[in-house]
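# Descriptive analysis of the structure
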Amino acid sequence: MAVAKAPIVQKDLDAYHSAWRTPITGTYRGHKVISMPPTSSGGIALVQLLKMVEPFPLKRWGWHSDSTTQVMIEAERRVYADRAKWLGDPDFFKVPVNELLDSTYLQKRWSDFNWAKASDSQAIAGGAIPGYESNETTHFSVVDTEGNAVSITTTINNGYGSRVVVGGAGFLMNDEMEDFAVKPGVPNVFGLVGSEANSVQPGKRMLSSMTPTIVEKDGKLFMVVGTPGGSTIITSVFQTILNVIDHGMSMQEAVNALKFHHQWLPDRTTFERGAFSDKVLNALKAKGYAIEPQTGTLGRMDCILVLPDGRLEGGSDPRADNTSIGW
Ligand code: DON
């Protein structure tokens, strides 16, 4: 650990304020999804992903079948391309939230999808939004005895942040600058690329992938979901929701289920070993998907599902030091 030479002073702390942002909401198969707005990309990306896969019969196709997986990968490719082009701190960049979540827009994003062949990420760009010129983590979920729910993800980015302790103050400096796009097209530590939308500017907040999410059904709390994991947060939350709603898994099964990830660039899908049968892997490879085992694991979820009789089921990830407790 190093100690910062220029410690944080009162003026720095006075200049910082937290900001209330209206949550991103959307629907998925009769459920209401409430999640984190910019400066996280999580809520927008999650609702885009859910709305993009909603027209497809994932339940009939089955969990991790080649068709289900293909549709999810192609949705992820396009949504992360949107993330790179359109998402950043709304105090600095006009994020076209409504346009990105518009059903007609999302339907159009499928126009270059081809069942016979993997799309090429180099040929997929962030979508064209009408009116715009083209120029191009710890998570916890809580439900109280009265049914109030919170879904919270907090990040200092990498482990121990920048590894600098503020002298006398006793806390670590984060390395959140790394969540900005340092230069167009230059990937950060999670391999994410960005553009002007997420360029470095004084006072600007960097683009996050945090996706703390609440799912409602018929106006009532259904599920609380979230995880750390950098760029893989969004796809882990996405898969966990599908695992429960489409594939009928319990909360713990949905958390435990092996996961995969695609983020537009690099143009490859990574998966936790054992997530797919050889048959499905071969079917996807035959269509041109670059698909390879993940180094390490995907997701460290902490989630809660409200059961039909009102009891709560906690799902905590066996991949890390997660725990569910209740009274
Ligand atoms: O906000 C973000 O997207 C990143 N700072 C999250 C980093 C993260 O989840 C690292 N932990 N696994």
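What counts as what
- Residues numbered from 1 in each chain as written.
- Predicted model: local features only at pLDDT ≥ 70, side-chain atom pairs only at ≥ 80, totals over all residues.
- Heavy atoms only, no water.
- Helix = DSSP H or I, 4+ residues; strand = E, 2+ residues; numbered from the N terminus.
- Rg over C-alpha atoms; globule rule 2.2 N^0.38 Å.
- Buried < 20%, exposed > 50% of the residue type's maximum accessible area, 1.4 Å probe, protein only.
- Areas by Shrake-Rupley, 256 points an atom, 1.4 Å probe, with all protein chains shown as cover.
- Lys, Arg positive; Asp, Glu negative; His and termini not counted.
- Charge placed at Lys NZ, Arg CZ, Asp CG, Glu CD.
- Patch = residues over 30% accessible without salt bridge, like charges linked within 9 Å, V, L, I, M, F, W, Y side chains within 5 Å.
- Salt bridge = Lys/Arg side-chain N within 4 Å of Asp/Glu carboxyl O.
- Polar contact = N/O pair within 3.5 Å; in protein donor to acceptor, adjacent residues only side chain to side chain.
- Contact = heavy atoms within 4.5 Å.
- Axes fitted to C-alpha atoms, helices over the stretch in contact; angles between N-to-C directions.
- Left-handed = near helix turned anticlockwise from the far one by under 90°.
- Pairing = 2+ DSSP bridges.

### A short note on the overall build of the protein chain
A tally of helices and strands in the protein chain yields nine helices and 14 strands. Against the compact-globule benchmark of 20 Å for 327 residues, the protein chain has a radius of gyration of 20 Å, which places it among compact chains. When the backbone C-alpha atoms are referred to their principal axes, the protein chain occupies close to 60 × 55 × 35 Å. Per-residue burial over the protein chain gives 51% buried out of 327 residues. Working note: accessible area of the protein chain is about 15,800 Å², and carbon and sulfur atoms make up 55% of it. For the protein chain, the distance from the average site of its 31 positive side-chain charges to the average site of its 35 negative ones is 4 Å.

### Regarding a nonpolar patch on the surface
A cluster of nonpolar side chains, contributed by F140, V142, V150 and I152, occupies part of the molecular surface with about 280 Å² of accessible area. Contributing elements (two or more residues each) for the nonpolar patch: β4 (138-143) and β5 (149-154). Its location among the elements puts F140 in strand β4.

### Concerning the side chain of D246
Tracing the backbone through its elements, the reader meets D246 in the loop between α7 (233-245) and α8 (251-256). Of the polar contacts made by the side chain of D246, one reaches the side chain of R29; its length is 2.7 Å. Discounting residues that sit within four places of it in the chain, D246 has contacts with Y28, R29, L58, K59 and I241.

### A look at the packing of helix α2 (residues 42-53) against helix α4 (residues 66-86)
Viewed as axis vectors pointing N to C, α2 and α4 meet at an angle of 145°, and their least axial separation amounts to 9 Å. The handedness of the crossing between α2 and α4 is right-handed. Across the interface between the two elements, A45, Q48, L49, M52 and V53 from α2 touch V71, M72, A75, E76, R78, V79 and D82 from α4.

### Re the pairing of strand β8 (residues 213-217)
In terms of residue burial, β8 counts as a mostly covered element, since four of its five residues are buried. Here five bridges tie strand β3 (residues 31-35) to β8, and the two strands are oriented antiparallel to one another. Bridging from a neighbouring strand, V33 pairs with V215 of β8. Pairing geometry for β8 and strand β9 (residues 220-225), over five bridges, is antiparallel. In the sheet register, K217 faces β9, and the bridge partner there is K220. Here β8 folds back onto β9 in antiparallel fashion, the turn holding two residues, of which D218 has a positive phi close to 50°.

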